[in-house]
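# Remarks on the overall topology
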Amino acid sequence: MEVRSELRKHSRSGTRKWTILVGIVALTHVLLLLSYGDALRYLLPDGRRLKLPNESNKMMNPSRNTLAVSVSEDSAGSGIHVMEKNGNVSGFGLRNETEDDEGFDETVDFESFEDAKDSVNVIKQVVVESSVKQRTEVSTSKYGQQGQKVSVQSQKKVESSMLSASSSIAGPASSVGKLPVSGNSSLVVSKQVSKKKKKKKYDIPPKTVTTIEEMNRILARHRRTSRALRPRWSSRRDEEILAARKEIENAPVAKLERELYPPIFRNVSMFKRSYELMERMLKVYVYKEGSRPIFHTPILKGLYASEGWFMKLMEENKQYTVKDPRRAHLYYMPFSARMLEFKLYVRNSHNRTNLRQFLKEYTEHISAKYPFFNRTDGADHFLVACHDWAPYETRHHMEHCIKALCNADVTAGFKIGRDISLPETYVRAAKNPLRDLGGKPPSQRRTLAFYAGSMHGYLRAILLQHWKDKDPEMKIFGRMPFGVASKMNYIEHMKSSKYCICPKGFEVNSPRVVESIFYECVPVIISDNFVPPFFEVLDWSAFSVIVAEKDIPRLKYILSSIPEERYVKMQMAVRKAQRHFLWHAKPQRYDLFHMVLHSIWYNRVFQAKRR
C-alpha cells in the first residue's frame, strides 16, 4: 500500500512537471514564430523555403541588390548578375555600387558594418547567415575544368570565424540552430548593444602620415635599388626586360608630340621611350583558369568599372597577349574583386577570410599547374582590383605580385615603385563611357570650390563642419537628393567650378579625382597616405592641389592664394591629362587602358633582377 501511495504521488507530480514542460515548449515555439518567422523560413524544407539569390531562381534579394533587371545564371553556379551578349556585366544592381561618391547615394551602404541594433535583428542575422553560407559553400570555389574545391577544413574555419563574429554581437548564449529565449539572453544582447562601439579604421585619422614629398623620395630610392627577389632560374625574358631598362634610363630627349604634354610628366622622355618599348616587345599571358563570374566577367559600369574595363580590353587584346606562356614577360590573373565580394561575402558576417582563402587556393592552383609563378614568387604576375578589400584579399599569397589597386594606401601595404595606383573611374553608361565629357573654360568658372557627398568616414564630416554654408565661394554640401535632376546639378557644379574637392571616404581613394579631370576641374585631393594614380610617371603638382587633412580649416586660404595665372596653367594641364584617364571601347594610344598596362610594365622593368 505504501509503495502504491508513493507511486501515485510521483505520478501526479510527474504529470504536473510534464504539463509545465510542454507549456514552456509551446510558448517558446509561439515566441519564436512571432519574432523570428522570416528567419526561420530559411530552415523549412525546400518546397516551402524562400529561395536565396544564389539558388537557381530569378529573384533579386533586396538586401544584396537594389536594381532588378534582366537576370541570368552563370556557369559556375547560380548567381545574380546582368550579362550582355558578349559576357560583360554592363549594369549591376550591386549594393554599394554608387558609394555616393558623386554627391548622391543610390544604394544603402554596407561597408560601415553597423553593429546590431536590437536583439531581434542580432538573432535573425545569425540564422540567415548560417543558411546562406551553407547554400553557397558548394559553388564558391570552381577553377574551370582543372579546378579544385575549397577544402572542408577551410569551410570549417569560415564557419568558426562567422560564429565567433556573430557571438561577439549576440552573446555567448546564441549559436546557429539555438535561439536564446530566456530572460538572460535578452540581458546579454542588451549589454552587447549598449557597449561602446569599437571605432573602425575609417572612423579615425591615420596614426602616421606619409607626405607627397616622402612618397617621391621612396620612389626614387626604389628606382635605384630593387626590392624584388631574384628568380629561381634564369629566363630570356629577364634579359629582354633588363635591356629595356637601359634604353629607358638613357632615353634621348623626346620630340614633342600632340598626344603628350611634357609638364604633367616626371620625365616625358623616359615615359615616351618606355611606352614605345612596351608597344614593340611586351607580351602578356592571361590565365584561362577560373570560372565566371569571379573570373573573366568584367563590370563595365559603376564605381568598380576600372577593373572591369581593363579585364575586358586585356582579354580581347591581340597585340600584347600570347597563347604560349613561355613567351610572356608578364602574367595577368583576371579576377574581379567586386564579383569576389558579391559572390562569397556573407553580409554582416564581419568576416572576409573565405574571400582571401579563395584567392589563396587559386594562386596555389596556378602555381601547381604552371612553373611561372614559382620562378619569381609572383613578381612578374599582376592583378587589377578596384574594390576596397583587395589589399586584404591579396595579402601574403600574392604579396610579391604587382598590384594595380584603387585603394592605394601606403599604410595598408601599398608598395610605391612596385604597385600601381589604379584610377577609380565612375562610368555611368557602359556603352558610352565618355558621356558628358568636358567642362567650361576658366573664365566661366565662377565657383571657387565645390563638393557634395555622403558622410563616409571621418574626414567629410570635418570638411562640412568647417565649410558648409560658411562662405558663398565655397559650395560645400552633404549628399544631394536622389534623381536625374540632382545628377545633372552635380555635374554642372563640377563643370563650372575652379576646384573640385576630393576628400577620402571610407578608404583613401575617391572617384572624384578622375571625375574632376573628366569635367576639367582642378582636383583638390584631401587624403593622407593616398598615392595618386600613375604616380611613377605623372607629376601631380602640375594639375592638382594636394592638401593635408589637418589643413582643412585653411582650405579657402590655400586655394585663394593660388595666382590666377597659375590656376589657368593647372586647368590647361588637367585638359591635357584628361586623355590618359578615359576608357574607349577600342583602346587608343595613351588612353587609360594603355596607361595602366604601361605602369605595370614600367614598374616591372625597374624591379626585375637577374638570377
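Residues numbered from 1 in each chain as written. Predicted model: local features only at pLDDT ≥ 70, side-chain atom pairs only at ≥ 80, totals over all residues. Heavy atoms only, no water.

As named in an unreviewed UniProt entry, the protein is Probable glycosyltransferase At3g07620, taken from Camelina sativa. Turning to the protein, the UniProt record has this under Subcellular location (unreviewed entry): "Golgi apparatus membrane". The record in UniProt for the protein states the following under Sequence similarities (unreviewed entry): "Belongs to the glycosyltransferase 47 family." (UniProt positions renumbered as here; feature names shortened; annotations may be inferred.)

### Structural notes on the sheet that holds strand E8 (residues 447-451)
Taking strand neighbours across the sheet as the criterion, the five strands line up as E9-E8-E10-E11-E12 in an open arrangement whose pairing is parallel. Strands with a single pairing partner mark the edges of an open sheet, and in this sheet they are strand E9 (474-476) and strand E12 (545-546). As defined by bridge partners, E8 adjoins strand E10 (residues 497-503) across three bridges and the pair is classed as parallel. Note that in E10 the partner of Ala-449 across the bridge is Tyr-499. Along the sheet, helix H14 (residues 484-495) makes contact with E8, E9 and E10, crossing E10 at roughly 115 degrees. (Pairing = 2+ DSSP bridges. Helix = DSSP H or I, 4+ residues; strand = E, 2+ residues; numbered from the N terminus. Contact = heavy atoms within 4.5 Å. Axes fitted to C-alpha atoms, helices over the stretch in contact; angles between N-to-C directions.)

### Quick notes on the packing of aromatic side chains
Inspection of every chain in the model, using the stated rule, returns 27 aromatic pairs. Aromatic pair Phe-518 and Tyr-519: ring centres 5.2 Å apart, planes at 85 degrees, arrangement edge-to-face. Residue class for Phe-518 comes out buried when judged on its relative accessible area of 13%. Relative to Phe-543, the ring of Trp-540 has its centre 4.5 Å away and its plane inclined at 40 degrees; by these criteria the two rings are tilted. (Phe/Tyr/Trp six-rings, centres within 6.5 Å; stacked < 30°, edge-to-face > 60°. Buried < 20%, exposed > 50% of the residue type's maximum accessible area, 1.4 Å probe, protein only.)

### Observations concerning the environment of Tyr-304
Tracing the chain through its elements places Tyr-304 in the loop between strand E3 (284-286) and helix H8 (305-316). Along the sequence, Tyr-304 and Cys-406 sit 102 residues apart, while their C-alpha atoms lie 8.9 Å from each other.

### Quick look at the nonpolar core
Counting residues in hydrophobic clusters, the biggest one holds 129 residues, and the most contacted among them are Phe-310, Ile-501, Leu-538, Phe-543, Leu-555 and Leu-559. If you tally residues by element for this core, the top one is helix H18 (residues 592-607), at ten residues. Once residues within four sequence positions are removed from consideration, Leu-538 is found in contact with Ile-264, Phe-265, Arg-266, Pro-533, Phe-543, Phe-581 and Met-595. One finds Tyr-490, Ile-491, Phe-518 and Cys-521 within the second-largest nonpolar core, a separate group that totals eleven residues. (Core = buried A, V, L, I, M, F, W, Y, C linked by side-chain atoms within 4.5 Å.)

### Digging into the pairing of E8
The element E8 is extensively covered by neighbouring structure, given that five of its five residues are classed as buried. Where E8 lies against E9, three bridges are found, and the strand directions are parallel. Its bridge partner lying in E9, Ala-449 is registered against Met-474. Read as a crossover between parallel neighbours, the route from E8 over helix H13 (residues 459-467) to E9 is right-handed. (Right-handed = clockwise from strand over helix to strand, strands pointing away.)

### Brief notes about the packing of helix H6 (residues 236-249) against helix H7 (residues 268-281)
Closest axis-to-axis distance for the H6/H7 pair is 8 Å, and the angle between their directions is 150 degrees. It follows that H6 is roughly antiparallel to H7 by the angle criterion. As for the relative orientation of H6 and H7, their crossing is right-handed in sense. For the pair H6 and H7, contact is made by Glu-240, Ile-241, Ala-244, Glu-247, Ile-248 and Glu-249 and by Met-270, Arg-273, Ser-274, Leu-277, Arg-280 and Met-281, respectively. (Parallel < 35°, antiparallel > 145°, perpendicular 65-115°, else oblique. Left-handed = near helix turned anticlockwise from the far one by under 90°.)

### Regarding the pairing of E10
Remark: a regular strand shows side chains that alternate across the two faces of the sheet. E10 sits mainly inside the fold: seven of its seven residues count as buried. As paired elements, E10 and strand E11 (residues 522-526) share five bridges and run parallel to each other. Bridge pairing in E11 links Cys-502 to Ile-525.

### Concerning the state of the cysteines
Within the structure shown, the criterion is met by two disulfides. Note that Cys-386 is cross-linked by a disulfide to Cys-406, the S-S spacing being 2.0 Å. Handedness here is read from the sign of the S-S torsion; for Cys-386 and Cys-406, about -95 degrees, the answer is left-handed. Here Cys-386 is found in the loop between strand E5 (381-385) and helix H12 (390-393), whereas its partner Cys-406 is found in the loop between strand E6 (402-405) and strand E7 (420-421), with 20 residues between them in sequence. As far as burial versus exposure is concerned, Cys-386 and Cys-406 are alike and both buried. The residue that forms a disulfide with Cys-500 is Cys-521, at a sulfur-sulfur distance of 2.2 Å. Handedness of the Cys-500-Cys-521 disulfide follows from its S-S torsion of about 110 degrees: it is right-handed. (Disulfide = S-S within 2.5 Å.)

### Examining the pattern of salt bridges
Side chains that differ in charge, positive against negative, can pair when their charged atoms come close. Applying the stated criterion to the full structure yields 30 salt bridges. As a salt-bridge pair, Arg-610 and Glu-239 come within 3.2 Å of each other at their nearest N and O atoms. Taken together, the residues span a long stretch of sequence, with Arg-610 in the segment after H18 and Glu-239 in helix H6 at a distance of 371 residues. Overall, the relative accessible area of 44% leaves Arg-610 in the partly exposed class. Glu-239 sits in the partly exposed class, given a relative accessible area of 39%. Through salt bridges with shared partners, one network takes in Glu-247, Lys-272, Arg-273, Glu-276 and Arg-280. (Salt bridge = Lys/Arg side-chain N within 4 Å of Asp/Glu carboxyl O.)

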